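Close look at the chain arrangement
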Amino acid sequence: MSDALGDLEAGAGRIRLPSTRRRGRPSSLLVLAAAIPTILILLPIIYVVLRSWNAGWYAIAAELARPRTALLFWNTTVLTVSVTVLSAIIGFAGAWLTERCDLPGRAIWRVALSLPLAMPAFVASFAWKSMGSEFQGLTGAVLILTLESFPLIYLPVAAALRSMDPAMEEVSRSLGRSPRYTFLAVVVPRALPALGGGALLVAAHMLSEFGALALLRVQTLTTAIFQQYELQFDNATAAVLSALLMLLCLPVVLAEIRLRHGHRVSKVGRNTARQRALVPLGRYAFPAILGLVALTILSLGIPFGRLGYWLLVGLSAGRGLDTLGPALGGSISLAIAGTLVTTIVALPLVLLALKSGGIFARIADRLPYVVHGLPGLVVALALVYFAIRLFPPLYQTAWVLFAAYAILFLPLAQSAIRASAELVPRELEEVARTLGRGPLKAFASVTLPALAPGLGAALALVALELMRELTATLILAPTGVSTLATEVWSHTNDGAYAAAAPFAALLVLISGVPVYLFTRRTLIPRRG
Amino acid sequence: MYDVTRRRFIQLSGAGGLALLPGMIRPARAAGGRIALYNGQHRPPVEALVAAFTKATGIEVAIRHGNSAQLASQIVEEGANSPADVFWSEESPSLVATARKGLLAPLLPDTLKQVGAEWSAKDGSWIGATARCRVIVYNKSMIEEAALPASVLDFAAESWKGKVAFAPNSGAFQQQIMAIAILKGRDTALAWLKGLRDYGETYNSDSAAVEAVEGGDLPIALSNNYYWYALAREIGAADMNSAIYNIGRGDPGTLVTVSGAGVLKSAKNAEAAQSFVAFMVSAEGQQAIVDAIAEYPLRPGIVSPFPLTPFDKLDPAPVTPDQLGDAEEALTLLREAGLA
C-alpha cells in the first residue's frame, strides 16, 4: 500500500515513477507525509525534556528520590497492570462466550459487552463514588475502571476469534489434538495480537487517566501532574513526573511489539461466514449468563441509574439547559473535524511502517504510543508553548486543538488502520496495475476499499475519544467554545449534579453513535 | 450493506467536518464591542455578571473557563500575545502571580475606590470583587458542635485520625497554610501539614470533601463556605446532614480570602475591559454576583440573599490578601510535608 500512496501522490504530481520500485525504499513523499505526525509527537517530548532540563540535574534527582514519587510510581503501576490484566480476562472470556460458545442471545450480549465503551470513566466513577466511600481508593478504582475498559479488549478479540480461519483448528483436531490443546496452541496465539493491541490501549488509558481517579481519591503520576499544575505553573516537578510517565509507557509498547512480531497474515478476499461448530456450554450456560448479567448491571446499569437519580432529586435540574445546544454542536464539530485530521495524519505512518522496516519508520510508528500515556494537560501545555512562540496566529484556533487531538489519539487510528492494512497483500495492487489501471486508479479501486474497514474503525474510535476529551479542550479550544464534556466538568465542579446530568447523558448517547458504527463492523457477522 | 453505510458515514462526516472548519479556525480575538474573559471563578456568578454587563453596555464577552492557577499560567505563557482582556480569578494569589510578571495594567482609580483598599492590590493592578471564608463543615449526626476544637490547628492530631477531610490542591487551602505560617510561624504550619498528612483524609477538591461529610463518610471537612451552600442548593437546606461551623476568634480556621479581577496590559480592548471590571464592583454588578454564589460582596451596602454568617461577626484571622501574596511558600510547605 505504501507503493500505492507513493504512486497516488506521484500520479497527482504527474511524475511517473518507475514501477519497479516494489519493496524498495518508500517514496520520499510518503516519508514527508509521515514526518508531519512525527514532528507533532515530538513536541510534547521536547517540551517535557526542556522543562525538566530547566530544573537542573539536582532537582531532577531530588524529585526522583522522594518517597512520594515512589508511591505515585507504585500506584500507577499497580493500577495499570491490574486493570489491564482484569480487562484482558473479562474481554477474552466475553469474546469466547459470544463468538465460540452456544450462548443463548449472543447478538444481545455482543451489544451489552461493547456498550460500556460509550460510558466515560469519570461518569461511571462519579456514580460509584456517590454510593459510598468503600468504592474509593485503589481497589475500587481498579474494579470500576476495569468495568469500563474491558470492551477495548473484548472488541478486537471477538473480531479476531470470528475472522480466524476454522481450517487451522480443524487441522489441529484432525491431527488428534484435544480441544483444549487446540485452544491453547492454535486459537490463543492467533488472538494474542488483537488482545495485545487492546491491552496496550487499556494500559495507556490507565497511565493518563485523571478524572475518574481524582473522584476516587487515587494518586497516580497523572493526578500528581494535574495537582502540580493546579498549584503552580512553571513546574519542574510536573515535567519530571511526565518524563517518568513516558518511561512507564516504554515496557508496554515493547511488550506489544513482541506480541505482534511475526504476525503478518495477509489474505485475499474477505472472510466467508463458514459455519463453525460452537462449543456446547451445557451446565455452564447458566453461570455464564449470570456473569454477563452482573457485568452489564455493574458497567451500564449503575452509572445510568445514578444519572437518572440526580436528574430526579437534584435541585439544579434544568440549570444551564440553554447551553445544551451549543455544547452538543461544539462536541460534534470538534470531534468530527478532529477525527478526520487525526485519521489522515495517521495514515502515512501506518503505510510507511508496513512498507519500510527501517529504523526511522519503526520509531515513527511507535513514538505515538509512548506519548499516548501522557495526560492531555501536558500535551496541551506543550502546544500552548510552541504555538505562542512559533505560530502566534494559530494560537487558540481550532487547528492547535486538532494537533493536540492528533498527538493524543494517533495510536487509536494507527491500530485500526493497521489491522486492515496488514491484511492487504502488496501484490494485489500490482495485479491491478498489470491489468492496465493507472497508479491513481489502482490505489483508489484496490487499496483504498481494502483499507476502508480500518479507516472506518479508526474514525469511530477516535471520534469516541474526542467527544469525552476534557483537558486539552479546556486549554486549547477557541475562547467561548464549549463541549458536552466541558459542561459536565463545569457543573460537577459547582456541585450541580442534576444540571450536569443531561449533558452527561447526552455525551453517553452521542458516544453511542461511534460505538455503534465501530461494533457493527466488528460484530455483525458477514454474509459471504 | 453496512459497507455502504460506513462509507456514507465517512463521506458525511467529511463533508460535515469541512463545512464546520471555517467557523472554527477564526481566532477569538477581542475586537470592537467584544472582550475575552479568562475565568477561574465558579460559573454561576460569572455568567450572571456577564449577562448583566452585556445588557447594560452592549459589549459582548467571550468566556474561557478554567482553573485559576492554570489560567494564570496560561496568561504568563502567552505573555504579550495573550488574547485575554480580563482575568477573573477565584483566588488572589493567581492575580498576584500575574501582576508580579508585569502583565496586569493599573485599574481606573474610580474603580478601585468602590471597595475597601485592603481587598485590592496596593499598586492597583487587581481588585477584589467578593470575599469567601474558610470554615469547618461538620456532619451533625456524627459530631456535636460543642465537640469541635478551638483552633483549626488542633485537627492535626491523632485524636482526629480518619475524621478530617481536606483538599491540598485547593487554592484556598494553600492560603490557609500561608495564614498559619504568617500568624504562627513556618514550623507550626509545617507540623500542621504533617499532622494532616498522617491523620487526615485528602480529597481532590473542597467540594468533594464537603460531599464526603454530607454523605457521612467522615465527620469534618476544611472548606470554603460556599461549597456547603452550593450543596444545600442541590439537596435542599432543610435536608442537609451537615452544617457550617465558624471558629472565629482570629483563628486561621476562619480566613477571609478574595476573588477578584485584573485587566491585562496586552488587552486588545482595554477600554471595554476596564469598564467590565468597573461594572463588576458597581452596585448592579455586585448584586448580580452575590445572588448567584454564597460569597460576601466587597462593595458596602450590598446584601447577599444567602443566610451567611454576617461579615462583621466572622472575627477572621488578621491576614490580608496582600500578605498572602502569591502563596508560593505554601507549595514549598506542601512539598516538604509530602502532600504535593
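Residues numbered from 1 in each chain as written. Chains lettered and ligands numbered in written order. Predicted model: local features only at pLDDT ≥ 70, side-chain atom pairs only at ≥ 80, totals over all residues.

Once that is clear, we can look at the overall build of chain A. Looking only at helices and strands, chain A has 22 helices and zero strands in total. Taken over 528 residues, chain A has a buried fraction of 56%. The long-range fraction of contacts in chain A, counting pairs at least 24 apart against all pairs at least 6 apart in sequence, stands at 83%. (Helix = DSSP H or I, 4+ residues; strand = E, 2+ residues; numbered from the N terminus. Buried ≥ 20, exposed ≤ 12 C-beta atoms within 10 Å, placed from the backbone. Contact = placed C-beta atoms within 7 Å.)

This part is about the interface of chain B and chain A. Taken together, the contact pairs 52 residues of chain B with 46 residues of chain A. Those elements that place two or more of their residues in the side of chain B that touches chain A are α1 (2-24), α2 (43-57), β2 (60-65), α3 (68-78), α8 (206-214) and α9 (225-235) of chain B. A total of twelve residues in the side of chain B that touches chain A trace back to one element, the largest contributor, which is α1 of chain B. Looking at the side of chain B that touches chain A, its residues break down into 25 nonpolar, 18 polar and nine charged. (Nonpolar A, V, L, I, M, F, W, Y, C, P; charged D, E, K, R; others polar.)

The next point concerns the domain arrangement of chain B. All names here are of chain B. Split into domains, chain B comes out as domain 1 (34-131 + 257-309) and domain 2 (133-255 + 327-336). Its C-alpha centre places domain 1 at a distance of 27 Å from the equivalent point of domain 2. Tallying the contact residues gives twelve residues for domain 1 and ten residues for domain 2. The residue makeup of the side of domain 1 that touches domain 2, split by class, is six nonpolar, three polar and three charged. (Domains from an automatic or database assignment.)

All names here are of chain B. Taking the UniProt record as the reference, the feature "binding site: Fe cation" (unreviewed entry) is found at H42, E90, Y226 and Y227. Maximum C-alpha separation among the annotated residues is 13.2 Å over a sequence range of 186 residues, consistent with a single clustered spot. Locating H42 in the fold gives a position in the loop between β1 (34-39) and α2. Along the chain, the position of E90 falls in the loop between β3 (86-89) and α4 (92-100). Residues contacting E90, with those up to four places away along its chain left out, are G40, Q41, S68, G171 and S259. (UniProt positions renumbered as here; feature names shortened; annotations may be inferred.)

Residues and elements named next belong to chain A. The geometry of helix α2 (residues 28-65) relative to helix α17 (residues 398-421) is characterised by a closest axis approach of 9 Å and an angle of 90° between their N-to-C directions. Relative to α17, α2 is oriented roughly perpendicular. From α2, P37, L40, I41 and P44 reach across to α17, where they touch A403, A406, I407 and L410. For the contact of α2 with α17, a count of residues per class yields eight nonpolar, no polar and no charged. (Axes fitted to C-alpha atoms, helices over the stretch in contact; angles between N-to-C directions. Parallel < 35°, antiparallel > 145°, perpendicular 65-115°, else oblique.)

The next point concerns the confidence of the model for chain A. Residues and elements named next belong to chain A. Counting all residues, the mean pLDDT for chain A is 83, and 89% of those residues have values of 70 or more. Per-element confidence in chain A is highest for helix α3 (residues 67-100), whose mean pLDDT is 95, and lowest for helix α1 (residues 2-12), whose mean pLDDT is 37. Across residues 1-23, where pLDDT falls below 50, the model places 42 contacts with residues more than four positions away in sequence or in other chains. (pLDDT = per-residue confidence, 0-100.)

Moving on: the environment of N81 of chain B. The topology assignment puts N81 of chain B in the loop between α3 and β3. Taking C-alpha positions, N81 of chain B is 7.0 Å from S266 of chain B, a pair spaced 185 residues apart along the chain. The contact partners of N81 of chain B, leaving out residues within four places of it in the chain, are I388, P392 and Y395 of chain A.

Residue and element names in this part refer to chain B. Counting buried residues along β1, five of its six residues qualify, which places the element largely inside the surrounding structure. As judged from the six bridges shared by β1 and β2, these two strands associate in the parallel manner. By the bridge assignment, R34 is partnered in β2 with E60. Once the chain exits β1 it traverses α2 before rejoining the sheet at β2, and the crossover so formed is right-handed. Relative to β3, β1 is paired through three bridges, and the arrangement is parallel. Of the residues in β3, the one forming a bridge with N39 is W88. (Pairing = 2+ DSSP bridges. Right-handed = clockwise from strand over helix to strand, strands pointing away.)

It is common to give the size of an interface as the accessible area that goes away when the parts come together. Residue and element names in this part refer to chain A. Partitioning chain A into domains gives domain 1 (1-13 + 25-50 + 314-528) and domain 2 (66-262 + 282-301). Averaged C-alpha coordinates put domain 1 and domain 2 at centres separated by 21 Å. Across the boundary between the two partners, domain 1 contributes 27 residues, which contact 35 residues of domain 2. No other element matches helix α22 (residues 497-523), which puts nine residues into the side of domain 1 that touches domain 2. Its residues assigned to classes, the side of domain 1 that touches domain 2 comprises 16 nonpolar, nine polar and two charged.

The next subject is the environment of M178 of chain B. Residue and element names in this part refer to chain B. Looking at the secondary structure, you find M178 in helix α6 (residues 171-184). Along the sequence, M178 and L324 sit 146 residues apart, while their C-alpha atoms lie 6.1 Å from each other. Residues contacting M178, with those up to four places away along its chain left out, are L324, A327, E329 and A330.

Moving on, we get to the nonpolar core. Generally speaking, nonpolar side chains in soluble globular proteins are found buried as a group. Core analysis: the biggest nonpolar cluster contains 174 residues, and L383, A404 and A458 of chain A have the highest contact counts within it. With residues near it in sequence (within four places) discarded, A458 of chain A still touches T343, A346, L412, A413, A416 and I417 of chain A. Counting 111 residues, the second-largest nonpolar core is a separate cluster that includes V86, V115, A129 and A317 of chain B. (Core = buried A, V, L, I, M, F, W, Y, C linked by C-beta atoms within 7 Å.)

What follows concerns the packing of helix α16 (residues 376-390) of chain A against α3 of chain B. As a packed pair, α16 of chain A and α3 of chain B sit with axes 9 Å apart at the nearest point and diverge in direction by 25°. Judged by the inter-axis angle, α16 of chain A sits roughly parallel to α3 of chain B. Remark: the crossing between α16 of chain A and α3 of chain B carries right-handed chirality. Residues V384, Y385 and I388 of chain A of α16 of chain A lie in contact with α3 of chain B, whose contacting residues are Q74, E77 and E78 of chain B. By residue class, the composition of the contact of α16 of chain A with α3 of chain B is three nonpolar, one polar and two charged. (Left-handed = near helix turned anticlockwise from the far one by under 90°.)

The next thing to look at is the confidence of the model for chain B. Here chain B averages 90 in pLDDT, while 91% of its residues score no lower than 70. Note on the complex model: pTM 0.83, ipTM 0.79.

All names here are of chain B. Positive phi values are uncommon outside glycine, yet R249 reaches one of about 50°. By C-beta crowding, R249 is classed as exposed, having 12 other C-beta atoms within 10 Å. Its identity is not glycine, yet A327 carries a phi of approximately 60°, on the positive side. Note that A327 resides in the loop between α12 (321-324) and α13 (328-336). On the basis of neighbour count, A327 is assigned to the buried category, with 28 C-beta atoms found within 10 Å.

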